[in-house]
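# Structure at a glance
In case you want the letters, here they are:
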Amino acid sequence: MTGHRAHWDLDEEVTFLNHGSYGACPRVVREAQRAWQDRMESEPVRFFQREYQDALDEARASLGALIGAQPEDLAFVPNATYGVNSVVASFPLRAGDEILVPNHAYAACHNAVDYFAERAGAQVKVIPIPFPCEDPEIVIERVLAAVTDRTVLALIDWVTSPTALMMPVAGLVEALEERGVDTLVDAAHGVGMTPLDLDTLGAAYTTGNCHKWLCTPKGSAFLHVRADRRERVRPAAISHGATASDERRSRFHLEFDWTGTYDPTALLVIPDAIAFLETLEDGGIDGLMARNRSLCLTEREHLADLLRTPLPCPESMIGTLAAIPLRNRDVRPAVWPLEEDPLQEWLWAEARVEIPVFAWPALDTRMIRISAAAHNDPSDYARLREALKGAPSELL
Ligand SMILES: Cc1ncc(COP(=O)(O)O)c(C=O)c1O
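About the thresholds
Residues numbered from 1 in each chain as written. Predicted model: local features only at pLDDT ≥ 70, side-chain atom pairs only at ≥ 80, totals over all residues. Heavy atoms only, no water. Axes fitted to C-alpha atoms, helices over the stretch in contact; angles between N-to-C directions. Helix = DSSP H or I, 4+ residues; strand = E, 2+ residues; numbered from the N terminus. Parallel < 35°, antiparallel > 145°, perpendicular 65-115°, else oblique. Left-handed = near helix turned anticlockwise from the far one by under 90°. Contact = heavy atoms within 4.5 Å. Nonpolar A, V, L, I, M, F, W, Y, C, P; charged D, E, K, R; others polar. Salt bridge = Lys/Arg side-chain N within 4 Å of Asp/Glu carboxyl O. Buried < 20%, exposed > 50% of the residue type's maximum accessible area, 1.4 Å probe, protein only. Pairing = 2+ DSSP bridges. Domains from an automatic or database assignment. Buried area = accessible area lost by both parts, 1.4 Å probe.

Turning our attention to the packing of helix α4 (residues 80-90) against helix α5 (residues 107-120). For the pair α4 and α5, the least separation of the axes is 9 Å and the interaxial angle reads 20°. Taken together, the axes of α4 and α5 lie roughly parallel to each other. The crossing of α4 and α5 is right-handed. On α5, the residues that touch T81, V84, N85, V88 and A89 of α4 are A108, C109, A112, V113 and F116. A class-by-class count of the residues in the contact of α4 with α5 yields eight nonpolar, two polar and no charged.

On to the pattern of salt bridges, then. Across all of its chains, the model carries 24 salt bridges by this definition. One salt bridge connects R229 with D182, and the closest N-O pair in it is separated by 2.7 Å. Linking R229 in the loop between β8 (221-225) and α9 (251-256) with D182 in strand β6 (residues 182-187), this pair joins segments that are 47 residues apart in sequence. The class for R229 is buried, based on a relative accessible area of 18%. Since its relative accessible area comes to 4%, D182 is described here as buried. In this structure, R249 engages D257 in a salt bridge whose closest nitrogen and oxygen atoms are separated by 3.8 Å. R249 gets classed as buried once you look at its relative accessible area, which sits at 19%. Taking relative accessible area as the criterion, D257 reaches 2% and is therefore assigned buried.

Below, the discussion takes up the environment of R308. Assignment of secondary structure puts R308 in the loop between α12 (284-307) and β9 (321-325). A sequence separation of 18 residues divides R308 from L326, and the C-alpha atoms of the two residues are 9.3 Å apart.

Moving on to the pairing of β8. Remark: a regular strand shows side chains that alternate across the two faces of the sheet. Within β8, five of the five residues are buried, which leaves it mostly tucked inside the rest of the structure. Here five bridges tie strand β7 (residues 205-209) to β8, and the two strands are oriented antiparallel to one another. By the bridge assignment for β8, N209 is matched with A221.

So, on to the sheet that holds β6. What the seven strands build is an open sheet, ordered β2-β8-β7-β6-β5-β3-β4; its pairing is mixed. Each edge of the open sheet is held by one strand with a lone partner, namely β2 (74-77) and β4 (123-127). Recorded for the sheet is a direction-independent mean angle of 20° between the axes of neighbouring strands. As defined by bridge partners, strand β5 (residues 151-157) adjoins β6 across five bridges and the pair is classed as parallel. Residue D157 lies in a different strand from β6, and its bridge partner there is D186.

Turning next to the side chain of T320. Relative to the elements of secondary structure, T320 occurs in the loop between α12 and β9. Among the residues examined, T320 registers a relative accessible area of 0% and is labelled buried. Once residues within four sequence positions are removed from consideration, T320 is found in contact with M193, W213, M289, N292, R293, C296, I370, S371 and A372.

Domains assigned within the chain are domain 1 (5-17 + 282-395) and domain 2 (28-274). With centres defined by C-alpha atoms, the gap from domain 1 to domain 2 works out at 26 Å. Contacts between the two partners involve 27 residues from domain 1 and, on the opposite side, 27 residues from domain 2. Contact between domain 1 and domain 2 buries roughly 2200 Å² in total, counting both sides, with carbon and sulfur atoms accounting for 68%. Considering only the side of domain 1, the residues that lose the most area to domain 2 are M289, M317 and W360, jointly responsible for 30% of the buried surface there. Applying the counting rule to domain 1 against domain 2 returns one salt bridge. Across the salt bridge formed by D9 and R30, the nearest N and O atoms sit 2.6 Å from each other. At the level of secondary structure, the elements contributing two or more residues to the side of domain 1 that touches domain 2 comprise α12, β9, β11 (357-360) and β12 (365-371). The element contributing the most residues to the side of domain 1 that touches domain 2 is β9, with four residues. In terms of residue class, the side of domain 1 that touches domain 2 is made up of 20 nonpolar, four polar and three charged.

Shown next as structure tokens:
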């Protein structure tokens with residue numbers, strides 16, 4: 001198995017095992033973005049008033065074809081946090097309503113739910129999902145057990161950030177729909193990691209980042225809204241689209257396509273990123289996702305062996321991220337984003353290995369999380385293991 005690192009300009013001194021946090025964009029896609037930026041800055045009015053909309057529609061069609069979404073249901077947003085905020089701010093929450101949030105949820109998005117719930121007098125119910133998690137069915141059972149006749153919305157991560165669990169999203173969406181509960185799927189990790197078919201999934205709302213596993217530049221993400229919910233969802237930034245009229249465009253597109261002046265070039269190169277990723281492995285992007293997942297599965301076993309920790313979940317819950325709990329709970333957990341865990345600091349300072357180590361208060365533990373992206377190969381994880389062998393035992 002070979003990596004494709006030559007296509008990235010990653011720092012050669014660094015073993016980069018944290019694609020999951022911010023992604024990393026290959027050279028060819030950044031060159032395509034730069035070409036758009038040059039064009040934009042050479043005549044900004046031509047770009048924004050005469051070219052931008054068609055180029056954005058092209059990017060939307062290209063992304064929609066990859067994730068099984070009709071362009072009418074698809075809007076662009078700068079990141080998944082913005083997508084979650086737009087949905088929750090637009091949701092007709094009333095006092096007494098309940099929103100379900102599993103305890104593995106990404107803190108920023110959980111904060112957004114708390115904020116809007118509090119304003120409406122609604123309640124956020126945090127659902128404890130065990131970790132280790134032996135079976136995805138447990139997740140479905142726990143979530144459904146929390147549903148009451150006041151439950152209106154559930155925030156479900158496609159892949160959780162601290163614990164890297166791929167949730168049984170299809171089963172959850174179906175069961176929640178049957179109970180009249182809308183699902184907001186946070187697929188910050190989704191496109192480029194695992195096949196998506198959003199029309200078939202049928203969730204009311206799905207937001208996801210392209211800058212992570214689709215390897216686009218930062219500032220490119222999507223929000224998919226099912227047709228029967230589209231009228232209600234408005235962007236977190238209200239702009240011209242609220243009053244603009246164009247019979248060729250829905251209010252949804254008019255509003256989300258213009259939330260104020262910005263640099264849309266990260267979105268415009270989505271087709272370039274897809275075209276590039278298609279070339280890396282036999283089988284195109286599907287082949288690449290399978291290659292990355294297989295790398296992740298093998299390397300999480302090696303890491304768990306080294307750390308003498310049982311694997312915390314079955315293979316069916318793994319995509320291209322895997323978290324292994326650390327044994328030592330006495331290390332004071334770092335408060336992200338202000339601090340890094342001492343093990344993360346040590347690995348960076350002493351071995352130039354970039355890998356996240358998270359505190360996860362829900363279980364009072366710390367996690368080390370590997371990523372398996374196109375630019376990684378087995379030698380990256382071998383360097384991580386060598387470094388860990390030399391790390392002070394009290395940090396593990
Ligand atoms: C599950 C999950 N949701 C949301 C986000 C937020 O992504 P962004 O900062 O791009 O909005 C992340 C980021 O890592 C994530 O892992």
